[in-house]
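# Fold and contact review
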Amino acid sequence: MMYLTIAVLCSVAVSVLLKVLRQKNIDIRQTIVAGYPVAFLLTWLLLKPEVSGISKLGSAWGIVVALGVLLPAVFVILGRAIEAVGIVATDAAQRLSLIIPIVAAFLLFGEVLTGTRIFGLALGFLALGALIYRPKQTGNSHVSSNNKTGKRSNNPSTLRTPLWLFGVWAGYGVIDILFKQVAKQGAAFPLTLFISFGLAGILLFMYLLVTRVRWQGNALSAGLLLGALNMGNIYAYVRAHQMLSESPSIVFTGMNVGVIAVATIIGVGVFKESLNRINMLGLLLAVSCVAILFLA
């Protein structure tokens, strides 16, 4: 259980770090790019990938390249979502991404959906809808000097809020599918992770160079912590599955429900994030969805 606890804490700590960086107007793209060399090195030291297996990747290279692009992109979206809706809703959406591999297994890979899983999927979609719900502003309380008529203006940042949350959900779900497809083709998970981290770091670094970004020392130094937390989460989760190999349901459910619970405590207790009744219902539905989909 120690490894499971570490995995939960590292996962939530990543969200906390990204939220703090956004509050300080630090360019999280630079933090992410600085984090990949750390994660790359830790993958080599902790998971010991078999580099000789690179020649056997074959057609899986397309998936590995896709991971190299998606991993940093989803990290950036994660930071945007945390800024827009907070840690609680964002981490819940990330955990609900498990819906996507299950739907893909049914639509693309011919697996049969049971009634229980259909019910779990329905709960998951309801949870997503409840998490992104924000009550409309009415009245004249937020009328600007340029809006004398009292009509509510459409704030672009408000309109984009559901899109960031959807991006987190969809992004992590697609990444999960890609990792599973690589594993099916015989490529070891540590090697896939090793190559993907290296490629992600190189591509993001090249993008920042092309855009002539103004480098920030504090953003780069924060990347060392981000890389360690990211790899700490992955390593502890893998070790938890190894230590509790006879009880995978405990690890899976404990990880997902644990992240939602800890994120809620920190988001509400530390960052004073506000949740309306629909959002709280969404959290309850998210926990129920995770439990039902795994136990089905």
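Below, the structure is looked at part by part. (Residues numbered from 1 in each chain as written. Predicted model: local features only at pLDDT ≥ 70, side-chain atom pairs only at ≥ 80, totals over all residues. Heavy atoms only, no water.)

### Comments concerning the nonpolar core
Formed by 50 residues in total, the largest nonpolar core has its most connected members in Val14, Leu18, Tyr36, Phe75, Leu78, Leu193 and Phe197. For this core, the secondary-structure elements that each account for two or more residues are helix 1 (2-23), helix 2 (28-47), helix 3 (61-85), helix 7 (156-184), helix 8 (189-210), helix 9 (217-243) and helix 10 (248-269). Broken down by element, this core gets its largest block of residues, nine residues, from helix 1. Among all residues touching Val14, those that are not within four sequence positions of it are Phe75, Leu78, Leu226, Leu229 and Asn230. Val88, Ala127, Ala170 and Ile292 belong to the second-largest nonpolar core, a separate cluster that totals 30 residues. (Core = buried A, V, L, I, M, F, W, Y, C linked by side-chain atoms within 4.5 Å. Buried < 20%, exposed > 50% of the residue type's maximum accessible area, 1.4 Å probe, protein only. Helix = DSSP H or I, 4+ residues; strand = E, 2+ residues; numbered from the N terminus. Contact = heavy atoms within 4.5 Å.)

### Details of the packing of helix 3 against helix 4 (residues 87-95)
Between helix 3 and helix 4, whose axes approach to 7 Å, the crossing angle comes to 135°. Judged on the interaxial angle alone, helix 4 and helix 3 are oblique. Facing helix 3, whose interface residues are Leu78, Ala81, Ile82 and Val85, helix 4 presents Ile87, Ala89, Thr90 and Gln94. The residue inventory of the contact of helix 3 with helix 4, partitioned by class, reads six nonpolar, two polar and no charged. (Axes fitted to C-alpha atoms, helices over the stretch in contact; angles between N-to-C directions. Parallel < 35°, antiparallel > 145°, perpendicular 65-115°, else oblique. Nonpolar A, V, L, I, M, F, W, Y, C, P; charged D, E, K, R; others polar.)

### Some details on a nonpolar patch on the surface
On the surface, Leu41, Trp44, Leu45, Leu46, Val51, Ile54, Trp61, Val65, Val69, Ile202, Leu203 and Met206 cluster together into a nonpolar patch covering about 1000 Å² of accessible area. Counting residues per element, the ones that place at least two in the nonpolar patch are helix 2, helix 3 and helix 8. In terms of residue count, helix 2 provides more of the nonpolar patch than any other element does, four residues in total. Its place among the elements puts Trp61 in helix 3. (Patch = residues over 30% accessible without salt bridge, like charges linked within 9 Å, V, L, I, M, F, W, Y side chains within 5 Å. Areas by Shrake-Rupley, 256 points an atom, 1.4 Å probe, with all protein chains shown as cover. Salt bridge = Lys/Arg side-chain N within 4 Å of Asp/Glu carboxyl O.)

### Observations regarding helix 11 (residues 277-295)
Between its terminal C-alpha atoms helix 11 stretches 27 Å, which fits the 27 Å expected from 19 residues at 1.5 Å a residue. When we look at burial in helix 11, the residues that qualify are Asn279, Gly282, Leu283, Leu285, Ala286, Cys289, Val290, Ile292 and Leu293. At its buried positions, helix 11 is contacted by helix 4, helix 5 (99-107), helix 6 (115-131) and helix 10. A side-chain oxygen of the first residue of helix 11 lies 3.0 Å from the backbone nitrogen of Ile278; this N-cap is Asn276. (Expected span 1.5 Å × (residues − 1). Polar contact = N/O pair within 3.5 Å; in protein donor to acceptor, adjacent residues only side chain to side chain.)

### Details of the packing of helix 8 against helix 9
As a packed pair, helix 8 and helix 9 sit with axes 13 Å apart at the nearest point and diverge in direction by 175°. The angle between helix 8 and helix 9 places the two elements in the roughly antiparallel class. Seen from helix 8, the contacting residues are Phe189, Leu193 and Phe197; seen from helix 9, they are Asn230, Met231, Ile234 and Val238. Each residue belonging to the contact of helix 8 with helix 9 can be placed in one class, and the counts come to six nonpolar, one polar and no charged.

### A closer look at the side chain of Gln94
With respect to the secondary-structure elements, Gln94 resides in helix 4. Residue classification places Gln94 among the buried positions, given a relative accessible area of 12%. When sequence neighbours within four positions are dropped, the list of residues in contact with Gln94 reads Leu78, Val168 and Tyr172.

### A few points about the environment of Ala183
Mapping Ala183 onto the fold places it in helix 7. For Ala183, a relative accessible area of 46% puts it in the partly exposed group. In sequence terms Ala183 and Ala60 are 123 residues apart; their C-alpha atoms lie 9.2 Å from each other.

### Observations regarding helix 1
Between its first and last C-alpha atoms helix 1 spans 31 Å; for 22 residues at 1.5 Å apiece the expected length is 32 Å, and the two agree. Phi for Asn25, located one or two positions after helix 1, is positive at around 55°.

### As for unusual backbone geometry
In the Ramachandran plot, Asn25 falls in the positive-phi region, its phi being about 55° despite a non-glycine side chain. Among the structural elements, Asn25 can be located in the loop between helix 1 and helix 2. We classify Asn25 as exposed; its relative accessible area is 66%. Despite not being glycine, Lys48 shows a phi value in the positive range, around 50°. One can find Lys48 in the loop between helix 2 and helix 3.

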